[in-house]
Structures are given as C-alpha cells and as structure tokens.
Amino acid sequence: ELRDLYRQEAISRDTKCWAQGMDGWQRIRDVVQLKWVLAAGGEQLLNPTELASTVLEIFLKICSFYPWQEGDAVVWPLPKVQQMLGETACLRHLVQLLCTLDPSLVHTGCRLLDAVMRGHPAQPAL
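To keep things clear, this report deals only with the structure shown in the data block. (Residues numbered from 1 in each chain as written. Predicted model: local features only at pLDDT ≥ 70, side-chain atom pairs only at ≥ 80, totals over all residues. Heavy atoms only, no water.)

For the rest of this paragraph, the subject is the overall build of the protein chain. The helix and strand inventory of the protein chain stands at six helices and four strands. In the protein chain, the order of α-helices and β-strands from amino to carboxyl end is α-β-β-α-α-β-β-α-α-α. Relative to its length of 126 residues, the protein chain is extended, with a C-alpha radius of gyration of 19 Å against a globular reference of 14 Å. Projected onto the principal axes, the alpha-carbon positions of the protein chain cover approximately 60 × 30 × 25 Å. Out of the 126 residues belonging to the protein chain, those deemed buried represent 21%. Here the protein chain displays about 9,400 Å² of accessible surface, and carbon together with sulfur accounts for 58% of that area. Treating the 12 positive side-chain charges of the protein chain as one cloud and the 14 negative ones as another, the clouds have centres 5 Å apart. (Helix = DSSP H or I, 4+ residues; strand = E, 2+ residues; numbered from the N terminus. Rg over C-alpha atoms; globule rule 2.2 N^0.38 Å. Buried < 20%, exposed > 50% of the residue type's maximum accessible area, 1.4 Å probe, protein only. Areas by Shrake-Rupley, 256 points an atom, 1.4 Å probe, with all protein chains shown as cover. Lys, Arg positive; Asp, Glu negative; His and termini not counted. Charge placed at Lys NZ, Arg CZ, Asp CG, Glu CD.)

According to the stated counting rule, one finds four salt bridges in the structure shown. Residues glutamate 57 and arginine 111 are paired through a salt bridge, measuring 3.4 Å at the closest nitrogen-oxygen approach. You can see glutamate 57 sitting in helix α3 (residues 48-65) and its partner arginine 111 sitting in helix α6 (residues 103-117), a full 54 residues away along the chain. (Salt bridge = Lys/Arg side-chain N within 4 Å of Asp/Glu carboxyl O.)

Another point: the side chain of threonine 108. Mapped onto the elements of the fold, threonine 108 is located in helix α6. At a separation of 2.9 Å, a polar atom in the side chain of threonine 108 contacts the main-chain carbonyl oxygen of serine 104. In this structure, threonine 108 is in contact with Ser53, Leu56, Glu57 and Leu60, ignoring residues within four places of it in sequence. (Polar contact = N/O pair within 3.5 Å; in protein donor to acceptor, adjacent residues only side chain to side chain. Contact = heavy atoms within 4.5 Å.)

Core analysis: the biggest nonpolar cluster contains 13 residues, and Leu56, Cys63, Leu85, Leu112 and Val116 have the highest contact counts within it. Looking at this core, the elements that each hand over two or more residues are α3, α4 (80-85), α5 (88-98) and α6. Ranked by the residues each element gives to this core, the list is headed by α6, at five residues. Leave out the neighbours within four places in its chain, and leucine 112 touches Leu56, Phe59, Leu60, Cys63, Leu85 and Leu94. (Core = buried A, V, L, I, M, F, W, Y, C linked by side-chain atoms within 4.5 Å.)

Now for α3. Its 18 residues give α3 an end-to-end C-alpha distance of 26 Å, which sits within 8% of 26 Å, the value for a rise of 1.5 Å per residue. Buried within α3 we find Ala52, Ser53, Leu56, Leu60 and Cys63. The buried residues of α3 occupy one face: seen down the axis, they fall within an arc of 100°. Taken together, the buried residues of α3 touch α4, α5 and α6. Two to three positions downstream of the cap, the backbone nitrogen of threonine 49 sits 2.9 Å from a side-chain oxygen, assigning the N-cap of α3 to asparagine 47. (Expected span 1.5 Å × (residues − 1). Arc of directions from axis to C-beta.)

This paragraph deals with the packing of α3 against α6. Think of two packed helices as two axes; the pair is described by the angle between the axes and how far apart they sit. It is at 10 Å that the axes of α3 and α6 come closest, and there the two elements cross at 25°. With respect to α6, the axis of α3 lies roughly parallel. In this structure, the crossing between α3 and α6 has a hand that is left-handed. Two secondary-structure elements touch here, α3 through Thr49, Ala52, Ser53, Leu56, Glu57, Phe59, Leu60 and Cys63 and α6 through Ser104, Leu105, Thr108, Gly109, Arg111, Leu112, Ala115 and Val116. Grouping the constituent residues of the contact of α3 with α6 by class yields nine nonpolar, five polar and two charged. (Axes fitted to C-alpha atoms, helices over the stretch in contact; angles between N-to-C directions. Parallel < 35°, antiparallel > 145°, perpendicular 65-115°, else oblique. Left-handed = near helix turned anticlockwise from the far one by under 90°. Nonpolar A, V, L, I, M, F, W, Y, C, P; charged D, E, K, R; others polar.)

Okay, here's the thing in structure tokens:
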C-alpha cells in the first residue's frame, strides 16, 4: 500500500511515519527499511531471497581471500572482514537470516558463520 501511495505522490520521502518499535515519528527517507523500497524504481533484478543469497556469497568470497589461517599458522590479528562480521551487530543479522528457515539462506548463512567465527576469539563463548 505504501508503495502505491508513493507512486501516486500521495506521500513523499518527507512524509512522517511511525511503526511499532520506533522511538517516534520519522521521515520516510530516514527509515532505512522504507526509503529504498519506496524510492526504488524499475524492475527488480533479484527478489529479496536472491539478493540476500548473493550478498552472503560475496561475504564468503571475501573471507576466502583473507583466510584466518595459513597452513598450520593462525593469522593474528584476524583479518578485518572477520573482525567486522564477527561483531555483535553483524552476527545479529546473520542469525536472523538463519531464522528465516529458507534452506538456501540457512545453508549459505551457516557457511558464512563458520568462515567468520572459525578462529575468532569470541567463538568459545558461542
């Protein structure tokens, strides 16, 4: 419905909105979940599942370019990509992907989680 209202110019990027969990009213352009969905035009190249899968594959490829281990030696400090993806803020999103129960996302998400957390200092706590 919001997308139709946006296309009909009944609402704009400056229209204020509120949803459960938000601190208060915010402009649509300031709500990450809405600004790209509403402002995007044309035909989508990938559906949300395909996009998420592609992003996960890119992260996996980056992790393979910067391994945490070379031979028997552990690389320390951890490569930056594993440090960043291993932070709580990022791990939260990865776990959310696992909760989708979409087989392809769960499989790829598990592979990424393994690549990120292997050798990570926080791994024993998990």
